[in-house]
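Now for the letters of each chain:
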Amino acid sequence: MSDIQAQSVDLLIEARWVVPVEPHAVVLEDHAVVADGGQIVAVLPIADARAAYAPRERVELGEHALIPGLVNSHTHNPMTLLRGLADDLPLMVWLQQHIWPAEAKVIGPEFVRDGVELAVAEMLRGGTTCASENYFFPDVIGATYRRMGFRAVVGLPVIEFPTAWATTQDDYFARAVAVHDSFLSDNLISTAFAPHAPYTVSDESFERIRVLSDQLDIPVHLHLHETAHEVDEAKAKSGLRPFQRLQKLGLVNDRLIAVHMTQVTEGEIAACAAAGVSVVHCPESNLKLASGFCPAEKLRQAGVNLALGTDGCASNNDLDMFGEMRTAALLAKAVAGNAAAFDAAYALRAATLHGARAIGLGACIGSIEVGKQADLAAVRLSDLETQPLFNVVSQLVYATGRHQVTDVWIAGQRKLAARELPDIDTAAILAKTRAWRERIAAA
């Protein structure tokens, strides 16, 4: 017998397969992930883990793949309460004639809080452990995520017209800095500037954002080149494409999170790669609104950091990152005319590590590596829908549904256990959601 005493740790998860994402496309059979103090301290064969560690909790997942928690890199999660309100409409009609008027009647701290609660419950049940948020009342959004133990990057909104959140340009910026400062020491919540889009934000505001983004070292998260109409309108007004305008204003850099990007030239793709811009691809929202096709494979081949997001529930209409991975991979193949484009391993990487890098958390989450936070999702692959199993990663992307996610951890804390949400009163969330449905329908 060995004289070496087993090391005491918080958690040991034994899985049939561990898919660390980094190294790329690797699948580790019969491996364990060891976590202590919220961090991953070891990834090793199960037999070695049992010999070396004495966990306070051991979880055995003999039919599961353990993956990094999925990263939803672009969301408007309070809008879960508007799910299905105005479907089958083009973007500007949907936004200007339906969504903005509905929001104006109900938006406020309670709407935002209750929408985020519903979103967190849905995301956890789908294996998502981090969201990059873009909506009003970021103070309430951040506080709700923090209370629920969910990791998030909270967008600090900037737009050129008065809203329930702020009334003037100075007001938007003062509130943004105050919210940023309030989460400075938080382990789960960080911030990014969230100017809505070039067509709703002035040059002056963008210049202030550039300076503050540099000073505070936070990303800039915005909708960009979402539709051909947006680009054509900008060219007619200024002679510049929106991306060119951002280049002129000094915002095309490694802090830029450019969402949608369905209308991009070869030169713009090259500029994104050279500057370190991250692009967030929202394939299902783009398809539903007929916004256009992001050239995902061209971006991948150019070396652009390409992440995935669901967008909001008013335009998707779910927060299902498994569905987003599958749609992204299939759509990229069709757009590229190449069945080998955007392969399954890359799709999983886009939904995890690339998302983490896009939102400034690449050193913290997105892969199962020693030193990173223990943000993990267990996916049961023994269901008849995922049998027979020849390739774990392909099965995760092309055949697996979010209902096969059984267990989720954030910073080593169990947030989903055998499909149950131990920390969340789902009955209360559903009751509040029904009340909002009645209020919104009557507005």
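Everything below is about the structure printed above this text.
Keep in mind the model is a prediction, meaning the values are calculated, not measured.

## So, the overall build of the chain
Here is step 1: Helices and strands together make up the secondary structure of the chain, namely 16 helices and 15 strands.
Here is step 2: For 443 residues, the compact-globule estimate of 2.2 N^0.38 gives 22 Å, and the chain sits close to it at 21 Å.
Here is step 3: The dimensions of the chain, computed from C-alpha atoms along their principal axes, are 75 × 45 × 45 Å.
Here is step 4: In the chain, buried positions account for 59% of the 443 residues.
Here is step 5: Taking all contacts inside the chain whose residues are at least 6 apart in sequence as the whole, residues at least 24 apart take part in 72%.

## Some remarks on the pattern of salt bridges
Here is step 1: Under the counting rule described, the total for this entry stands at 32 salt bridges.
Here is step 2: For the salt bridge of Asp87 with Lys288, the shortest nitrogen-to-oxygen distance reads 2.7 Å. With Asp87 in the loop between β5 (70-75) and α2 (91-106) and Lys288 in helix α10 (residues 283-288), this pair connects stretches of sequence that are 201 residues apart.
Here is step 3: With relative accessibility at 26%, the residue Lys288 sits in the partly exposed group.

## So, the sheet that holds strand β13 (residues 376-380)
Here is step 1: Ordered in space as β3-β2-β1-β4-β13-β14-β15, the 7 strands form an open sheet in which the pairing is mixed. Two strands lie at the open edges of the sheet, namely β3 (39-45) and β15 (413-416), each paired on one side alone. Geometrically, the sheet is characterised by an average inter-axis angle of 30 degrees between neighbouring strands, direction not taken into account.
Here is step 2: Across the face of the sheet, helix α3 (residues 109-125) comes into contact with β14 (405-410) and β15 while running at roughly 115 degrees to β14.

## Some thoughts on a nonpolar patch on the surface
Here is step 1: The grouping of Leu287, Phe293 and Val335 at the surface amounts to a nonpolar patch, some 260 Å² of accessible area in total.
Here is step 2: As for its position among the elements, Leu287 is in helix α10.

## Quick word on the nonpolar core
Among soluble globular proteins, nonpolar side chains are generally buried collectively.
Here is step 1: Phe111, Val120, Tyr145, Phe193, Met325, Phe342 and Leu396 are the most contacted members of the largest nonpolar core, which totals 114 residues.
Here is step 2: Looking at which element gives the most residues to this core, the answer is α3, with 9 residues.
Here is step 3: If near-sequence neighbours (up to four positions away) are discounted, Phe193 is found in contact with Leu156, Val158, Phe173, Ala176, Ile209, Leu212, Ser213, Leu216, Ile218, Pro219, Val220 and His221.

## Structural notes on the packing of aromatic side chains
Here is step 1: In this structure the tally under the stated criterion is 7 aromatic pairs.
Here is step 2: An angle of 85 degrees between the planes, with centres 5.4 Å apart, marks the rings of Phe111 and Trp436 as edge-to-face. Highlighted residues: Phe111 in helix α3 and Trp436 in helix α16 (residues 426-442), separated in sequence by 325 residues.
Here is step 3: Note on Phe111: relative accessible area 0%, which makes it buried.
Here is step 4: Between Arg208 and the ring centre of Phe173, over which it is positioned, the NZ or CZ distance is 4.2 Å.
Here is step 5: Taking the ring centre of Tyr346 as reference, the NZ or CZ of Arg300 above it sits at 5.6 Å.

## Description of the pairing of β13
Here is step 1: With respect to burial, β13 is a largely interior element, 4 of its 5 residues being buried.
Here is step 2: Sheet analysis places strand β4 (residues 53-68) next to β13, joined by 5 bridges and oriented antiparallel. Among the inter-strand pairings, His64 is bridged to a residue of β13, identified as Arg380.
Here is step 3: In terms of strand pairing, β13 meets β14 through 4 bridges, oriented antiparallel. Pairing of Val379 across the sheet is with Val405, part of β14.

## Digging into the packing of α3 against α16
Here is step 1: Put simply, α3 and α16 touch, their axes get as near as 10 Å, and they point 130 degrees apart. Classified by the angle between their axes, α3 and α16 sit oblique to one another. Handedness of the α3/α16 crossing: left-handed. Mapping the contact onto sequence places Glu110, Phe111, Asp114, Glu117, Leu118 and Ala121 in α3 and Ile429, Lys432, Thr433, Trp436 and Ile440 in α16.

## Description of α16
Here is step 1: Relative to the 24 Å expected for 17 residues at 1.5 Å per residue, α16 spans 24 Å between its end C-alpha atoms, a close match to the ideal helical length.
Here is step 2: Of all the positions in α16, only Ile429, Trp436 and Ile440 are classed as buried. Projected down its long axis, α16 carries its buried residues within an arc of 30 degrees, all on one side. For α16, exposure combined with an orientation more than 90 degrees from the buried face picks out Ala427, Arg434, Ala441 and Ala442.
Here is step 3: Contacts made by the buried residues of α16 are with α2 and α3.

## Focus: the pairing of strand β8 (residues 189-195)
Here is step 1: Most of β8 is tucked away: 6 of the 7 residues are buried.
Here is step 2: Handedness of the crossover joining strand β7 (residues 151-158) and β8 through helix α5 (residues 169-182) is recorded here as right-handed.

## Remarks on α3
Here is step 1: With 17 residues, α3 extends 25 Å between its outermost C-alpha atoms, agreeing within 8% with the 24 Å of an ideal straight helix rising 1.5 Å per residue.
Here is step 2: Along α3, 13 of the 17 residues are buried, which leaves the element largely enclosed by surrounding structure.

## Here we look at empty space enclosed by the protein
Here is step 1: For the coordinates displayed, the defined rule picks out 3 cavities of 30 Å³ or more.
Here is step 2: When its volume is computed, the largest cavity comes out at roughly 340 Å³.
Here is step 3: His76, Leu95, Trp100, His196 and His223 are, among the 26 residues lining the largest cavity, the residues nearest its centre.
Here is step 4: The set of elements that each furnish at least two residues to the lining of the largest cavity consists of α2 and β7.
Here is step 5: In terms of residues, the lining of the largest cavity owes the most to one element, α2, which gives 6 residues.
Here is step 6: Per-class residue counts for the lining of the largest cavity are 15 nonpolar, 8 polar and 3 charged.

Rules used throughout
Residues numbered from 1 in each chain as written. Predicted model: local features only at pLDDT ≥ 70, side-chain atom pairs only at ≥ 80, totals over all residues. Heavy atoms only, no water. Helix = DSSP H or I, 4+ residues; strand = E, 2+ residues; numbered from the N terminus. Rg over C-alpha atoms; globule rule 2.2 N^0.38 Å. Buried < 20%, exposed > 50% of the residue type's maximum accessible area, 1.4 Å probe, protein only. Contact = heavy atoms within 4.5 Å. Salt bridge = Lys/Arg side-chain N within 4 Å of Asp/Glu carboxyl O. Pairing = 2+ DSSP bridges. Axes fitted to C-alpha atoms, helices over the stretch in contact; angles between N-to-C directions. Patch = residues over 30% accessible without salt bridge, like charges linked within 9 Å, V, L, I, M, F, W, Y side chains within 5 Å. Areas by Shrake-Rupley, 256 points an atom, 1.4 Å probe, with all protein chains shown as cover. Core = buried A, V, L, I, M, F, W, Y, C linked by side-chain atoms within 4.5 Å. Phe/Tyr/Trp six-rings, centres within 6.5 Å; stacked < 30°, edge-to-face > 60°. Lys NZ or Arg CZ within 6 Å of the ring centre and 35° of its normal. Parallel < 35°, antiparallel > 145°, perpendicular 65-115°, else oblique. Left-handed = near helix turned anticlockwise from the far one by under 90°. Expected span 1.5 Å × (residues − 1). Arc of directions from axis to C-beta. Right-handed = clockwise from strand over helix to strand, strands pointing away. 1 Å grid on protein atoms, 1.4 Å probe; cavity = no way out; pocket = protein on both sides within 12 Å on 5 of 7 lines; lining within 4 Å. Points joined across faces, edges and corners; volume = space filled by probe spheres on them. Nonpolar A, V, L, I, M, F, W, Y, C, P; charged D, E, K, R; others polar.

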